[in-house]
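So the chains spell out like this:
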Amino acid sequence: MPPVYRNPPTDPAKTALRRSSLRMAYDLVLAVALLAVATIPVVVLASWITWIASIFLSLLGIGMLVLAFQFPGVADCPGCRKKMYGLSLGGDNIGHQCEGCGLFVSSDQGQVMPMPEHWSAIIPAFGVVVDATPGDPPEICCVCTAPATRKLPVLKDKKPYLDMPHCADHHDGARVGKYGDQDVVRVRSLAFARAWAATRGHEIVGNNRNADKDRGIPPIPWLHGLVSFGILAFGVSVHALLGWAEASGSPIVGNALMVLLYAIFGKKVLAGIFVCIGTFALHGFVMRFGAVMRVRLGIG
Ligand SMILES: [Zn+2]
Ligand SMILES: [Zn+2]
């Protein structure tokens with residue numbers, strides 16, 4: 001008996017989901033860089049305020065580390081064959097949208113396929129980008145597309161934003177978020193999102209989409225990085241200056257708020273405030289730099 005070979009699936013609507021070692025390595029390096037930035041406040045100037053900042057920033061770095069392990073997957077889009085990064089290897093990836101052709105996908109057992117139009121996601125995953133006047137959504141349930149029997153308010157900043165149609169069996173089918181400077185209403189039903197977008201000419205976006213990136217590769221904010229270092233250096237200088245003034249017995253004068261903070265908390269905490277602000281800004285710069293370079297390297 002000759003051995004039985006089984007060919008890989010040839011269904012053109014399915015593509016293989018695999019691990020991108022390059023993407024994973026990149027995200028791990030970025031996480032390590034963020035963890036290194038997190039140590040700056042305590043290394044530069046140890047006090048309770050810098051410890052709080054360092055611990056908080058470390059948690060953000062650990063979050064990046066977790067993301068590197070959680071979303072290392074890549075697959076060719078079943079529609080246009082553009083590479084889709086940031087996929088979960090074990091998850092269903094519902095709500096992930098191709099940045100090339102706009103196709104929504106889902107995955108199962110190592111294969112990526114177009115998301116069936118009639119499916120509902122467990123969480124609101126299909127975004128309809130709305131402007132200041134969202135208009136009336138279609139009169140069907142935003143979870144299952146059955147005829148709507150009631151409207152339930154969706155909140156934005158804890159205030160009612162929009163009444164969303166639901167059937168008697170479903171609730172909590174929509175959520176409001178941001179896509180760049182526009183609002184996006186995410187719903188559980190892809191068919192509902194399409195129907196609403198079609199009547200209003202709205203854009204539909206997946207939960208992986210980012211308005212900045214969709215407008216083209218954003219520039220690296222070098223000025224932001226420079227200002228971060230400036231604030232950090234200012235904090236260190238304030239500490240040195242106050243130390244010198246204390247040692248030489250010189251009077252401490254200047255900005256009333258700064259003098260008050262110095263009188264209450266002392267020089268370490270006052271200078272630490274600037275060190276913390278500078279480090280938070282630097283953290284933001286590294287995040288942004290990492291995201292832009294990921295796109296430029298073609299792995300994001
Ligand atoms: Zn595509
Ligand atoms: Zn329903």
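Everything quoted here is computed from the prediction, not taken from an experiment.

1. Remarks on the coordination of the zinc ion (ligand 2)
No. 1: Protein coordination at the zinc ion (ligand 2): the donors are Cys141 (SG), Cys144 (SG), Cys167 (SG) and His170 (ND1), at 2.0 to 2.3 Å from the metal.
No. 2: Coordination at the zinc ion (ligand 2) is tetrahedral: its 4 donor atoms span angles of 97 to 118° at the metal.
No. 3: Within one chain, the residues serving as donors to the zinc ion (ligand 2) are arranged as C-x2-C-x22-C-x2-H.
No. 4: Accessibility expressed as a relative area gives 6% for Cys167, which makes it buried.
No. 5: Taking the relative accessible area as the measure of exposure, His170 reaches 23% and is therefore partly exposed.

2. Brief notes about helix α1 (residues 21-44)
No. 1: Along its 24 residues, α1 runs 35 Å from first to last C-alpha, staying within 8% of the 34 Å computed at 1.5 Å per residue.
No. 2: Within α1, the full set of buried residues consists of Arg23, Met24, Tyr26, Asp27, Leu30, Ala31, Leu34, Val37, Ala38, Pro41 and Val42.
No. 3: On its buried face, α1 is in contact with β2 (18-19), α2 (48-70), β4 (83-87) and α7 (267-296).

3. Focus: the domain arrangement of the protein chain
No. 1: Per the domain assignment, the segments making up the protein chain are domain 1 (15-111), domain 2 (126-205) and domain 3 (222-296).
No. 2: Between the C-alpha centres of domain 1 and domain 2 there is a distance of 28 Å.
No. 3: Counting residues at the interface gives 4 residues for domain 1 and 5 residues for domain 2.
No. 4: Taking both sides of the interface into account, the surface hidden between domain 1 and domain 2 amounts to around 350 Å²; carbon and sulfur atoms contribute 72%.
No. 5: Here domain 1 and domain 2 share 0 salt bridges between them.
No. 6: If you look at where domain 1 meets domain 2, you find 1 residue pair in polar contact (both at pLDDT 80 or more).
No. 7: A per-class count over the side of domain 1 that touches domain 2 returns 2 nonpolar, 2 polar and no charged.

Each value, and the rule that gives it
Residues numbered from 1 in each chain as written. Chains lettered and ligands numbered in written order. Predicted model: local features only at pLDDT ≥ 70, side-chain atom pairs only at ≥ 80, totals over all residues. Heavy atoms only, no water. Donors = N, O, S within 2.8 Å, 3.2 Å for Na, K, Ca; no water. Tetrahedral: all angles 85-135°; square planar, octahedral: opposite > 155°, others 65-115°. Buried < 20%, exposed > 50% of the residue type's maximum accessible area, 1.4 Å probe, protein only. Helix = DSSP H or I, 4+ residues; strand = E, 2+ residues; numbered from the N terminus. Expected span 1.5 Å × (residues − 1). Contact = heavy atoms within 4.5 Å. Domains from an automatic or database assignment. Buried area = accessible area lost by both parts, 1.4 Å probe. Salt bridge = Lys/Arg side-chain N within 4 Å of Asp/Glu carboxyl O. Polar contact = N/O pair within 3.5 Å; in protein donor to acceptor, adjacent residues only side chain to side chain. Nonpolar A, V, L, I, M, F, W, Y, C, P; charged D, E, K, R; others polar.

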